[in-house]
Amino acid sequence: MSEALISLDLRPLLAAGTDPLAGVVEQAGRLHAGARMELRAPFNPLPLRRVLARMGYSSWPEKLGEGDWRIQLIRDGEGKVEGDPDPADCAGLPTGAPIWRDGQGLHIDLRGLPIPLPMLAVLRLLGSPESQDDSRLWLHHERDPMFLYPELAEIGWVLEPKGQGPEGELLFLAEREGD
Amino acid sequence: MLFGDFMMGARSRLLPVSIPGRFFAMAVLFQVLAWGLLLGYADDAPGYGGGLTHLLTALHFVTLGVLAMTGMGAAFQLLPVATKRPVRSEAACKATFWLFLPGLLALGHGMGHADTTILAVGGVLVVTALALFAFLIADNLGKVKDMRVVTDQAWIAVGALALILVLAGLLVADYALGGFLPDHQAVALAHGVLAVYGFMGMLAFAFSFVLIPMFCLAPPPDVKLGQRAGWLAGGALVLALAGLVHGILPLLLLGGLLGLGAAGMHLRAMAKVMKSRMRKQLGDSFILIRAAWVLLPVSILVGLLAAAGVMPQRTGPLWGFLAVFGWLLTFLLGVLQRILPFLASMHSVRPGVKPALVSALTADKPLKLHMVFHLLALALVSAGLAGEWSWLVRLGAAAGLIAAIAYAISAAHVGLSLRKHLNSAPQPTEKA
């Protein structure tokens, strides 16, 4: 693989408690098609890779040692997230909630996340550049997210239950007010 | 599946607003009463070492009237949501309140007027109410397999509560039956240490692991650190109690030092949460919460000085004040500032209707006034107790009373705004 255009070491930022998502997304957005990027992180940053995948980046993780991961990315337009990570390696992540898009709109799966990660994941997603054009977000959950209603109302979104899926899955729809 | 059926299943964990609301409303009023009593009997505060006085009433109006009352309301409201298990019985929650409120009023009257009969009646009612509360919480925690930190700490709190109730029963009986305890003061101190650092302290630790990350939008706290803090605190309590009851000073001091270590671990876990938070502007409530975090270890250090016999006339009352008013009350008020509007907003959720905004439910000016005067009260009363100046204690209590009234105004604003929102909202329509 040829040399990366941008190499970012996220470890000092994460050690200082700073969320690197916005910075990485900003840098990644400036690169042209076919450009390469390399990240170093203390864990396999799966949600970050998923965010970058939606920007057309395919990525490959490589564990160099304990608490030392190298992620190589290429903006090939395919957005493949390869290398099935061990969930334990994602323990240090802010959320870890899977996010995807289909004909109904943007979805986030919050099942299995301890309090308050579901709320954190949803608010992060709604505040990220990826969701700026979305006015509907489907939440897949295992409980009624009571703490989320006030937080969403405060930022102009209304949450409503939409029914029950298989295996106890509960479905909710958050809609931006006025849309 | 019908929308109504779905909602019934999902929402059944959220109790009707009147149940937690009655606990919170009484807690707000008891805070006013407690500061008022301290203001009225400030001359007795410097050098206070226990006994049936209005100061003991003031102390219990904070510990039971504000802290336990809020703890019960919050636990009935939040624990079922967090554990995904509904509370066993709404009627039992109401019964807890209706046993506790008259019991506390009787207990307070008995303490203030040294009326041992009323004291005993109040004591029986309060002990029964708290035992019922402990049963309901233990029942809810019993089948929870996740949330190890919260459940570990809540179990220690429940265990401490059981022991507190036994000691409280002994103390009340000792007053009523003419003194059979060999060392009433030691048992009273053990009861106080268990109440402050055991029951209420561990509940505060447990709630912190859920509420603080939620307030500041941060990942969950360090589980191992939280568990270690809980276990260490449990060990510290056992040692301190053994030291107090058997009169073995080194054990008491060792318990205090371990308690200091547990507090340090808890604060370290909280510091990590604060560092990784997404919400940077936390508002005035976190000024109170941060002040309480500082006063937790300070209270233990002052308690250690009192136990070691360093100016006990000054350090003894100061320890009690810093632990109850400084650490616990300040922490609770900081949390309440945030959570009361939040809970009210949760209760305003209706299908097809926008919930009441937290910002609209929050009365900023009274809360700001409350924060400033509460901190002023802490500083003045602490200085008064340290210097044995009753005029300064009185001045501080006056500031505390102003703060408590300001807080009551803000709480009334929450209740009235919620009622207005619910009355103005259109009726929900059922849909498939």
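What counts and what doesn't
Residues numbered from 1 in each chain as written. Chains lettered and ligands numbered in written order. Predicted model: local features only at pLDDT ≥ 70, side-chain atom pairs only at ≥ 80, totals over all residues. Helix = DSSP H or I, 4+ residues; strand = E, 2+ residues; numbered from the N terminus. Rg over C-alpha atoms; globule rule 2.2 N^0.38 Å. Buried ≥ 20, exposed ≤ 12 C-beta atoms within 10 Å, placed from the backbone. Contact = placed C-beta atoms within 7 Å. Expected span 1.5 Å × (residues − 1). Domains from an automatic or database assignment. Core = buried A, V, L, I, M, F, W, Y, C linked by C-beta atoms within 7 Å. Pairing = 2+ DSSP bridges. Axes fitted to C-alpha atoms, helices over the stretch in contact; angles between N-to-C directions.

(A) Representation of the overall build of chain B in the model. In terms of helices and strands, chain B carries 14 helices and 0 strands. N-terminal to C-terminal, the α/β element order of chain B is α-α-α-α-α-α-α-α-α-α-α-α-α-α. For chain B, whose C-alpha radius of gyration is 21 Å, the value lies close to the compact-globule estimate of 22 Å for 432 residues. Overall, the C-alpha framework of chain B stretches about 70 × 45 × 45 Å when taken along its three principal axes. Relative to its full complement of 432 residues, chain B shows a buried share of 54%.

(B) Quick look at the overall build of chain A. Counting secondary structure elements, chain A contains 5 helices and 9 strands. Shown N-terminal to C-terminal, the secondary structure of chain A runs as helices and strands in the order β-α-α-β-α-β-β-β-β-α-β-α-β-β. Expressed as a percentage of the 179 residues in chain A, the buried residues total 35%. Considering only residue pairs separated by 6 or more positions, chain A has 61% of its internal contacts joining residues 24 or more positions apart.

(C) Quick peek at helix α9 (residues 249–275) of chain B. All names here are of chain B. Taking 1.5 Å per residue as the helical rise, α9 with its 27 residues ought to reach 39 Å, and the 39 Å between its terminal C-alpha atoms agrees with that figure. For α9, the set of buried residues is L252, G255, G256, L258, G259, A262, A263, M265, H266, A269, M270 and V273. If you follow the buried residues of α9, they end up packed against α7 (184–216), α8 (223–246) and α10 (285–307).

(D) Structural view of the domain arrangement of chain A. The domain boundaries assigned to chain A delineate domain 1 (6–81) and domain 2 (99–176). One C-alpha centre belongs to domain 1 of chain A, the other to domain 2 of chain A, and the line joining them spans 24 Å.

(E) Region of interest: the nonpolar core. Grouped together as the largest cluster of nonpolar side chains are 189 residues, with contacts concentrated most on V62, L194, F199 and L328 of chain B. With residues near it in sequence (within four places) discarded, L194 of chain B still touches A160, L163, I164, L167, F199, L237 and L241 of chain B. Of all hydrophobic cores here, the second largest spans 15 residues; its members include M37, Y57, W69 and I71 of chain A.

(F) Representation of the sheet that holds strand β8 (residues 157–164) of chain A in the model. Residues and elements named next belong to chain A. The strand order across the open sheet formed by 5 strands is β5-β6-β7-β9-β8, and the pairing between neighbours is mixed. The two strands at the open ends of the sheet, each matched to only one other strand, are β5 (99–102) and β8. Each adjacent strand pair in this sheet contributes to an overall mean axis angle of 25°, direction not counted.

(G) Representation of the sheet that holds strand β4 (residues 68–74) of chain A. Residue and element names in this part refer to chain A. The 4 strands lie next to each other as β1-β2-β4-β3, forming an open sheet whose pairing is mixed. With one partner strand each, in any of the chains shown, β1 (6–9) and β3 (58–65) form the two edges of the open sheet. Taken over all neighbouring pairs, the strand axes of this sheet differ in orientation by 15° on average, direction set aside. Taken together, the 6 bridges between strand β2 (residues 36–41) and β4 define a ladder with antiparallel strand orientation. Along β4, the bridge assignment pairs R40 with R70.

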